[in-house]
Amino acid sequence: MKSIPNLLTILRVLLALMFPFVDPGQRLLILTSALLTEFLDGFIARIINAETVWGRVADPIADRLVAASVALTFFLEGSLSGAQIFVLLIRDITVVVGLALTIFYVRHLDFIKDLKPSFWGKVTTATQYLVFLNVLFNWVPQNLLIGLACTFSIMAAILYVNNFLFGKLHKTRNTRFF
């Protein structure tokens, strides 16, 4: 029972890897399944008290893989431009670079137990999924949703950078950010 959240995270990684290769008619199923596992893995982990360090590391990696896989697929098909993808994924780029720099400078992974998703990070993820679904269905002008996603993404990125530089990590022993 305690491994269910981690299995859902692994499933999301597999969905990310499958997305570029499935028939366009199957993409809605892949996206909704990925979104469902995005919500359920953390929710179940908290409910059954099964949060793990592995889950805290793997969950955001799975999230980034889904976003990158879907965005790259839509870029290669001409549905999203390079500039749209950049602004859509600015939070993801910031998180990946921030984690890499933190690991490089801190030189240990103890800080991972303190990582928690932020409200704006969750809003950004939801808005990214709306953009991806909009590519499939063309509900509203794409730039409107991308503008919203960019705004939320920048807010989340600023908060993540603030946490990396001035939060608990700054108080960690042997931390040398500069």
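Predicted, not measured: the structure shown is a model, and the values here were computed from it.

Conventions and cut-offs
Residues numbered from 1 in each chain as written. Predicted model: local features only at pLDDT ≥ 70, side-chain atom pairs only at ≥ 80, totals over all residues. Heavy atoms only, no water. Patch = residues over 30% accessible without salt bridge, like charges linked within 9 Å, V, L, I, M, F, W, Y side chains within 5 Å. Areas by Shrake-Rupley, 256 points an atom, 1.4 Å probe, with all protein chains shown as cover. Salt bridge = Lys/Arg side-chain N within 4 Å of Asp/Glu carboxyl O. Helix = DSSP H or I, 4+ residues; strand = E, 2+ residues; numbered from the N terminus. Phe/Tyr/Trp six-rings, centres within 6.5 Å; stacked < 30°, edge-to-face > 60°. Buried < 20%, exposed > 50% of the residue type's maximum accessible area, 1.4 Å probe, protein only. Contact = heavy atoms within 4.5 Å. pLDDT = per-residue confidence, 0-100.

A few words on a nonpolar patch on the surface. The grouping of L7, I10, L11, L14, L17, M18 and W54 at the surface amounts to a nonpolar patch, some 660 Å² of accessible area in total. Positionally, M18 belongs in helix α1 (residues 4–18).

On to the packing of aromatic side chains. As enumerated under the stated definition, the model contains 6 aromatic pairs in all. For the pair F19 and F74, a centre-to-centre distance of 5.7 Å together with 90° between the ring planes defines the contact as edge-to-face. With F19 in the loop between α1 and α2 (27–47) and F74 in helix α3 (residues 53–76), this residue pair connects regions lying 55 residues apart in the sequence. With respect to class, F19 is no different from F74; both count as buried. Taken together, a centroid distance of 5.6 Å and an interplanar angle of 25° make the contact between W120 and F152 stacked. Here W120 is found in helix α6 (residues 119–137), whereas its partner F152 is found in helix α7 (residues 142–166), with 32 residues between them in sequence.

Once that is clear, we can look at the side chain of T127. Tracing the chain through its elements places T127 in helix α6. Other than its neighbours up to four places away in sequence, T127 contacts L145, L148, A149 and F152.

Okay, the confidence of the model for the protein next. Residues at a pLDDT of 70 or more form 85% of the protein, whose mean pLDDT is 83. The lowest-confidence element of the protein is helix α5 (residues 90–106), averaging 77 in pLDDT; the highest-confidence one is α1, averaging 95. Every residue in residues 173–178 is under pLDDT 50, and counting partners more than four places away or in other chains gives 14 contacts.

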